[in-house]
Amino acid sequence: MNGSAVVATTVFAIAMVATILIGVWSARGRSKGLAEWSVSSRGLGVLFIWLLMAGETYTSFSFLGTAGWSFSFGAPILYLVAYLTVGFAVAYVVGPALWTYATRHGLISIADIAEFRFRSRPVGILVAVIATVFIVPYIQVQIQGMGVVVNAMTYGSVDLKVAAVISFVVAEVFILVSGLRGSAWVSVLKDLLVIVAVVFLAVYIPMHYLGGFGEFMQRMVSEKPEWLTFPGHSSGGRDGVWFLSTVVLNAVTITIFPTTVAGYLSAKSPNALRRNALLLPWYQLLLFVPMVVGATALFVMPNLGNPDLALFSLVTDSLPSPVVAVVGVAGALSAIVPMSVFMLSIGTLWGRTVLGGGNGADPRARRRVLGKSGDVRDIRVKRLSQLVCVVAGLIALAGSLFYPNTLVELSVLSYEGLAQLVPVVLLALFWRRLTARAAVAGMLVGLAVMTVLWATENDPWRGVNGGIIALVANLVVLLGVVWVAPGPGPGAEHRPGASVTRRLIGAGAARLSGVLRFRAGSQGRSAALRVGFADCASLHP
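Bear in mind the structure is a predicted one, so any value in this text is a computation, not a measurement.

### Re the nonpolar core
Here's step 1: Residues Tyr 79 and Leu 421 are the most contacted members of the largest nonpolar core, which totals 156 residues.
Here's step 2: Setting aside residues up to four positions removed in sequence, Tyr 79 forms contacts with Trp 69, Trp 242, Phe 243, Thr 246, Val 247 and Asn 250.

Written out as structure tokens, the structure is:
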């Protein structure tokens, strides 16, 4: 091992130890219950919500895949910035609604929400299983991304498989001990390193290799114009139609992504989520840097064998080992933070809904099922969640070690598959007439359509993202079942604003009744009416 490799490996080892210590430290003096572990007792403010959710969006794919797509295809990679930004605009509305509903009923996951909304544990279990199927590939992608980053930053001294095992161990240790709060605290270190590293690379790489950003753009326009327009260079038909359909699909889907919902439900208040939705799009500006670096590699290393190594190939080629180590640690933590949240989300989905007896959708059994935070039943459910968290991580780790190309192929379907849960988790909260049979029928048809399109290599179909086609089929079947076999649906109390509306109506009626019973003189009656109308007006901010 040469000197550069020793320096980089040492810095990496110190960073991993620090990551574990930060995660474990964050759990000091906290409740031992499931709510604290899974959603931080709904106590995170704007800053930590921002750091946590930014950590989920800036992953190892941001360092590897973004630069790789920019190197290989060009313009189509812009979908990444577009869908995340549009998704946060949608989250401005969706996040507070989900937070209100879940907080009111003590729910902690999308499986919990579906079970309680439809008064059906089988529906909750189905949602948990489907979500897990499409999240596990993401864990494997992060594990393999961690391996690539660490192998590159240590100049090949740390093997890909060894790095994969290290990433799994580090993520599991702090997520088991401290839960979502640990991920939020580790995101502080991660985001500091990411911002410093990315801003530095944005200036240094074009300047070092091409003489500046202006020269870089001139060469792109004159020598690589195909990379600057849709459908890009050899992108497989990813034209403007694909771009728009993918942005729409992913922007809606990310709002009910299990990891995103975990971020929603950890907030102190709906206002914290609204402020977060305004701030997060600014973080996506950092994604343009790996795009520029990947495009720079077109001129510096045009025959690069693995496009995903475009960024780190330039970094290791041009920078001293201590700086390479810092960039590498930023990339490694960009794999560990989302990986830990993905595993925690799976554990939360399964712990209560599948293995813990459900969330008590039947009001008569609710107290018996849920118990109090920190009691014996709650601790048991938390331990089951942690066990599933470990199992899910082990499955993804095994896939990355022995079948590196199997689950990764499925990762392209993750957003399309999770999109089929949007009606069950989100639409159901706002449409009282939606029944369990309609929601499940639509979901299964959507999954079938998506799978057929992918298996027959018709995704995208005529330029349209296959997930959008599947979601349309999902909604058509859903509407058809509701029309043919309408059900009473759950009570209005399951809509996000229903109990608030009920309180307002009740309070208004009580005040009006008091005014009508007030039998004083004409002056007294006028005063009473003025008080009554003022009080009623105060109910509507």
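Read on for the rest.
### Regarding helix H15 (residues 310–318)
Here's step 1: Of all the 9 residues making up H15, 7 are buried; the element is thus mostly covered by neighbouring parts of the structure.
Here's step 2: Listed as buried for H15 are Ala 310, Leu 311, Phe 312, Ser 313, Leu 314, Val 315 and Ser 318.
Here's step 3: For H15, the elements touching its buried residues are helix H4 (60–63), helix H5 (65–72), helix H8 (121–153), helix H9 (160–210), helix H14 (288–300) and helix H16 (321–353).

### What to know about the environment of Met 53
Here's step 1: Here Met 53 lies in helix H3 (residues 46–57).
Here's step 2: Each C-alpha atom, one on Met 53 and one on Val 341, is 9.8 Å from the other, the two residues being 288 residues apart in sequence.
Here's step 3: With sequence-adjacent residues up to four places away left out, Met 53 is seen in contact with Thr 260, Gly 263, Tyr 264, Asn 276 and Leu 280.

### Describing the pattern of salt bridges
Here's step 1: A full pass over the atoms with the stated rule returns 2 salt bridges.
Here's step 2: Note that Asp 191 and Lys 190 form a salt bridge whose closest N and O atoms lie 3.2 Å from each other.
Here's step 3: Note that Glu 223 is salt-bridged to Arg 219, the shortest N-O span being 3.0 Å. Of this pair, Glu 223 and Arg 219 both sit in helix H10 (residues 213–223), separated by 4 residues, roughly a single helical turn.
Here's step 4: Taking relative accessible area as the criterion, Glu 223 reaches 43% and is therefore assigned partly exposed.

### What about a nonpolar patch on the surface?
Here's step 1: Taken together, the side chains of Val 24, Val 165, Val 169, Val 173 and Val 177 make up a nonpolar region of the molecular surface, amounting to roughly 320 Å² of accessible area.
Here's step 2: The element contributing the most residues to the nonpolar patch is H9, with 4 residues.
Here's step 3: Position of Val 169 among the secondary structure elements: in helix H9.
Here's step 4: On the basis of relative accessible area, Val 169 is assigned to the partly exposed category, the value being 41%.

### Concerning unusual backbone geometry
Here's step 1: Backbone torsion omega between Phe 230 and Pro 231 reads 5°, so that peptide bond is classified as cis.
Here's step 2: Residue placement: Pro 231 occurs in the loop between H10 and helix H11 (240–253).
Here's step 3: For Arg 119, which is not glycine, the phi dihedral falls at a positive 55°.
Here's step 4: Among the structural elements, Arg 119 can be located in the loop between helix H7 (110–118) and H8.

### Brief notes about the side chain of Ser 313
Here's step 1: As for its position among the elements, Ser 313 is in helix H15.
Here's step 2: For Ser 313, a relative accessible area of 16% gives the class buried.
Here's step 3: Of the polar contacts made by the side chain of Ser 313, one reaches the backbone oxygen of Leu 309; its length is 2.6 Å.
Here's step 4: Those residues in contact with Ser 313 that lie beyond four places of it in its chain are Met 301 and Leu 304.

### Let's talk about the packing of aromatic side chains
Here's step 1: All told, the structure shown has 20 aromatic pairs when counted by the stated rule.
Here's step 2: Plain terms: the ring middles of Phe 63 and Phe 312 are 6.2 Å apart, the flat faces sit at 35° to each other, and that makes the pair tilted. You can see Phe 63 sitting in helix H4 and its partner Phe 312 sitting in helix H15, a full 249 residues away along the chain. Considered together, Phe 63 and Phe 312 belong to a single accessibility category, that of buried residues.
Here's step 3: Judged by centre distance (5.2 Å) and plane angle (10°), the ring pair of Phe 200 and Tyr 204 falls under stacked. Within this pair, Phe 200 and its partner Tyr 204 are both found in helix H9, separated by 4 residues, close to a single helical turn.
Here's step 4: Among the aromatic side chains, those forming a connected cluster through ring pairs are Trp 69, Phe 73, Tyr 79, Tyr 83, Tyr 138, Trp 242, Phe 257, Phe 342 and Tyr 415.
Here's step 5: Between Arg 117 and the ring centre of Phe 118, over which it is positioned, the NZ or CZ distance is 4.7 Å.

Conventions we followed
Think of each chain on its own: its residues are numbered from 1, step by step along the sequence as written. Per-residue local features of the predicted model are confined to residues with pLDDT of at least 70, and side-chain atom pairs are confined, for both listing and counting, to 80 or more; whole-chain, interface and lining totals are unaffected and use all residues. Side-chain metrics rest on all non-hydrogen atoms present in the structure, leaving aside hydrogens and water. In this description, a nonpolar core means a group of buried Ala, Val, Leu, Ile, Met, Phe, Trp, Tyr and Cys residues linked to one another through side-chain atoms lying within 4.5 Å. The buried label goes to any residue with under 20% of its type's maximum accessible area, the exposed label to any with over 50%, and the partly exposed label to all in between, with areas taken from a 1.4 Å probe on protein chains only. Residues are treated as being in contact if the distance between any of their heavy atoms lies within 4.5 Å. Elements are defined by DSSP. Helices are runs of H or I of four residues or more, strands are runs of E of two residues or more, and each kind is numbered from the N terminus. Salt bridge, as used here: a side-chain nitrogen of Lys or Arg that lies within 4 Å of a carboxyl oxygen of Asp or Glu. Patch membership requires more than 30% relative accessible area and the absence of a salt bridge. Residues of like charge join within 9 Å; the nonpolar side chains Val, Leu, Ile, Met, Phe, Trp and Tyr join within 5 Å. Areas reported here follow the Shrake-Rupley algorithm with a probe of radius 1.4 Å; residue values treat only the protein chains shown as occluding. Pairing of N or O atoms within 3.5 Å defines a polar contact, subject to two protein rules: one partner must be a possible hydrogen donor and the other a possible acceptor, and residues neighboring in sequence count only if both atoms are side-chain atoms. What counts as a ring pair is set by centres within 6.5 Å for rings of Phe, Tyr and Trp (its six-membered ring), and what kind of pair is set by the plane angle: stacked under 30 degrees, edge-to-face over 60, tilted for all other angles. Here, over-ring charges are defined by two tests on the NZ atom of lysine or the CZ atom of arginine: distance to the ring centre within 6 Å, and angle to the ring normal within 35 degrees.

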